[in-house]
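Listed here are the chains, written in short residue letters.
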Amino acid sequence: MNAKQAAGYRAAEFVEDGMVIGLGTGSTAFYVIEKIGQRVAEGLKVSAIATSKASEELARKNNIPLIEAADVTELDLAIDGADEFDPSLALIKGGGGALLREKLVAINSKRFIVIAGADKRVEHLGKFKLPIEIIPFTYEWTLNQLRKKYDVPFEMRMNNDELYVTDNGNYIVDASFEKIESPSTLSEELKAMVGVVDHGLFVDIAELVIVGYDDGSTEIVNKK
């Protein structure tokens, strides 16, 4: 069992019968969905909303019942991975391109649990490039706004030779901040910029992080 599988399987233990859950996206979330699928086969009754088309497909493959957002007002639990997390449990997410759906699911859940390998733990966010989702219309202007405000490298995410398009039909700019001194301040600044839909900073959303290790052990990290 590798670190991702260890964390994912441990997180699946938090799912209880009758829950409505949010399923994350990415390589670690894969193991959560896999384990929940095993528990469904054993009789667990749950329903779920997935944060990406890929996770929807995986949930169906594992016979996890999917519902529409209109069917519920709140989720009992959401489980997702992170690209980085700091001691306050602020996160960078969006390496897989699903940051907007992931954030919508996370903030509309009673509990949001993060799963990650030990390599994702950092003292300061920013080494991982921060994804910023922007609308396609005049995206060049939005990119110029970002470059004028922040003296860091920005690059449009690509998919082979074409601009990467999210499941929402938007583009992603990846920003190399290296060290984000105040995630909450940067979060507010970016969200206020016209043309920016959302970004991969998740501040004061996560309840705990389950860290997986290559020996199959796990650690629960709470906010400091």
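Keep in mind the model is a prediction, meaning the values are calculated, not measured. (Residues numbered from 1 in each chain as written. Predicted model: local features only at pLDDT ≥ 70, side-chain atom pairs only at ≥ 80, totals over all residues. Heavy atoms only, no water.)

Draft legend 1. Region of the structure containing the sheet that holds strand β8 (residues 154-156). Read from one edge of the open sheet, four strands run β8-β11-β7-β12, paired in antiparallel fashion. On the outer flanks of this sheet lie β8 and β12 (196-199), each paired with one strand and no other. If you compare each strand with its neighbour and ignore which way they point, the axes differ by 30° on average. Pairing geometry for β8 and strand β11 (residues 171-175), over three bridges, is antiparallel. Bridging across to β11, F154 finds its partner in A175. (Pairing = 2+ DSSP bridges. Helix = DSSP H or I, 4+ residues; strand = E, 2+ residues; numbered from the N terminus. Axes fitted to C-alpha atoms, helices over the stretch in contact; angles between N-to-C directions.)

Draft legend 2. Inspection of the packing of aromatic side chains at higher detail. This model, assessed by the stated rule, comprises six aromatic pairs. Ring geometry for Y9 against Y31: centres 6.5 Å apart, planes inclined by 70°, an arrangement best described as edge-to-face. Within this pair, whereas Y9 is found in helix α1 (residues 3-12), its partner Y31 is found in helix α2 (residues 27-41), the two being separated by 22 residues in sequence. With respect to class, Y9 is no different from Y31; both count as buried. When the ring of Y150 is compared with that of F177, the centres are 5.5 Å apart and the planes differ by 75°; the resulting orientation is edge-to-face. Of this pair, Y150 sits in the loop between α5 (139-149) and β8 while F177 sits in the loop between β11 and α6 (183-191), and the two are 27 residues apart along the sequence. Just as Y150 is buried, F177 falls in that class too. Between K93 and the ring centre of F202, over which it is positioned, the NZ or CZ distance is 5.6 Å. (Phe/Tyr/Trp six-rings, centres within 6.5 Å; stacked < 30°, edge-to-face > 60°. Buried < 20%, exposed > 50% of the residue type's maximum accessible area, 1.4 Å probe, protein only. Lys NZ or Arg CZ within 6 Å of the ring centre and 35° of its normal.)

Draft legend 3. Expanded view of the environment of N144. Note on placement: N144 falls in helix α5. We classify N144 as partly exposed; its relative accessible area is 38%. Once the C-alpha coordinates of N144 and F154 are considered, the two residues, 10 residues apart in sequence, prove to be 9.5 Å apart.

Draft legend 4. Here's a closer look at the nonpolar core. If you look at the biggest cluster of nonpolar residues, it comprises 24 residues, and the most contacted ones within it are I21, I36 and I64. In terms of residue count, α2 provides more of this core than any other element does, four residues in total. Beyond its immediate stretch of four places on either side in the chain, I21 contacts V15, I36, V46, S47, A48, I49, L75 and L77. (Core = buried A, V, L, I, M, F, W, Y, C linked by side-chain atoms within 4.5 Å. Contact = heavy atoms within 4.5 Å.)

Draft legend 5. Region of the structure containing the UniProt feature "active site" (unreviewed entry) in the protein chain. Within the UniProt annotation, "active site" (unreviewed entry) is assigned to E102. With near-sequence residues (within four places) excluded, E102 lies in contact with T25, T51, D80, K93, G94 and F202. (UniProt positions renumbered as here; feature names shortened; annotations may be inferred.)

Draft legend 6. A look at the sheet that holds strand β5 (residues 91-92). Across the sheet, which stays open at both edges, the three strands sit in the order β4-β5-β13 with antiparallel pairing between neighbours. The strands lining the two open edges of the sheet, one partner per strand, are β4 (84-85) and β13 (201-202). In this sheet, β5 lies alongside β4 in antiparallel orientation, the contact comprising two bridges. Its bridge partner being in β5, E84 is matched across the sheet by I92.

Draft legend 7. How the structure looks around α5. Turning to α5, its buried residues are Y139, T142, L143 and L146. Taken down its axis, α5 places every buried residue within 100° of arc, on the same side. Among the exposed residues of α5, those oriented more than 90 degrees off its buried face are W141 and K148. Along its buried surface, α5 packs onto β7 (130-134), β8, β10 (162-163), β11, α6 and β12. (Arc of directions from axis to C-beta.)

Draft legend 8. Focus on the pattern of salt bridges. All told, the structure shown has 15 salt bridges when counted by the stated rule. Salt bridges linked by common partners bring D80, K93 and E102 together as one network. (Salt bridge = Lys/Arg side-chain N within 4 Å of Asp/Glu carboxyl O.)

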